[in-house]
Amino acid sequence: MKKLFTAAALIMALAACSGQQTNTQADPVNVSSLGQSAITDIRAADAMPIYPKRGASIERDFVHQPPMIPHKADYKITMKRNGCMSCHSWDKAKKRKATPIDISHVKDDKGSLNNQYYSCTQCHAPMAENKLQLVENTFSNK
Ligand code: HEC
Ligand code: HEC
């Protein structure tokens, strides 16, 4: 019990030092969001992303480009499970009508994933048709 009090007192003392007392008066914050509207503004939600139809791949722009992901990409990639592999692994791809992972991504003839490629979204990004352009993009492959 005594320890608990000491800990509580310590926490209170620290909170006082850090100067982070709760501010009950919300001041306007001078930061802008991606949509370029003040953070305090109430605005309509962004348009929902529209992905290409299921089964369609997006044309590649240069040789060895990691193909863009033609669907939502919020499948979980955790230490224990790779959500992308549940469709793109060599043994599941055919059934899921997905392209199996590239030969460069595997380490044996059974298609076991080379873990250097574990973090799929490090190289593959989703591409959707968005009504609003969020950030300017001047990419050219010329
Ligand atoms: C529910 C099954 C499923 C899951 C989960 C899934 N995909 Fe896909 N993926 C597909 C299908 C179906 C296609 C369309 C067919 C194709 O082009 O492979 C596709 C297409 C792709 C393509 C384009 C391939 C090409 O040749 O153009 C990439 C890249 C891709 N997915 C990456 C990912 C990544 C990264 C994840 C995890 C964030 C993921 N996918 C999770 C089913 C899935
Ligand atoms: C280090 C970057 C990198 C990572 C990480 C990566 N990829 Fe790729 N991926 C590529 C590149 C580059 C290609 C194109 C290969 C080529 O044409 O040489 C590719 C190709 C593919 C293809 C198309 C294969 C084909 O035959 O057309 C699929 C599907 C794919 N990757 C899925 C995945 C999945 C799923 C993961 C995660 C388990 C992943 N990739 C991780 C770079 C990466």
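Scope of this entry: the structure provided in the associated data block. (Residues numbered from 1 in each chain as written. Chains lettered and ligands numbered in written order. Predicted model: local features only at pLDDT ≥ 70, side-chain atom pairs only at ≥ 80, totals over all residues. Heavy atoms only, no water.)

Around ligand 1 sit 21 residues in total, of which His71, Cys84, Cys87, His88 and Thr99 are the nearest. Between ligand 1 and histidine 88, the relevant distance is 2.8 Å, taken from a nitrogen atom to a side-chain nitrogen or oxygen of the residue. Side-chain polar atom of threonine 99 to an oxygen atom of ligand 1: 2.5 Å apart, as the coordinates give it. For the shell around ligand 1, the element with the most residues is helix H2 (residues 85-88), which contributes three residues. Grouping the amino acids of the shell around ligand 1 by side-chain chemistry returns ten nonpolar, eight polar and three charged. (Near = heavy atom within 4 Å. Polar contact = N/O pair within 3.5 Å; in protein donor to acceptor, adjacent residues only side chain to side chain. Helix = DSSP H or I, 4+ residues; strand = E, 2+ residues; numbered from the N terminus. Nonpolar A, V, L, I, M, F, W, Y, C, P; charged D, E, K, R; others polar.)

As a further point, take the pattern of salt bridges. Applying the stated criterion across every chain yields a total of one salt bridge. Between lysine 72 and aspartate 74 there is a salt bridge, with its nearest N and O atoms 3.4 Å apart. (Salt bridge = Lys/Arg side-chain N within 4 Å of Asp/Glu carboxyl O.)

Attention shifts here to the coordination of the iron atom of ligand 2. Coordination of the iron atom of ligand 2 by the protein involves His105 (NE2) and His124 (NE2), with metal-donor separations of 2.0 Å. Looking at histidine 105, the relative accessible area reads 14%, which means it is buried. (Donors = N, O, S within 2.8 Å, 3.2 Å for Na, K, Ca; no water. Buried < 20%, exposed > 50% of the residue type's maximum accessible area, 1.4 Å probe, protein only.)

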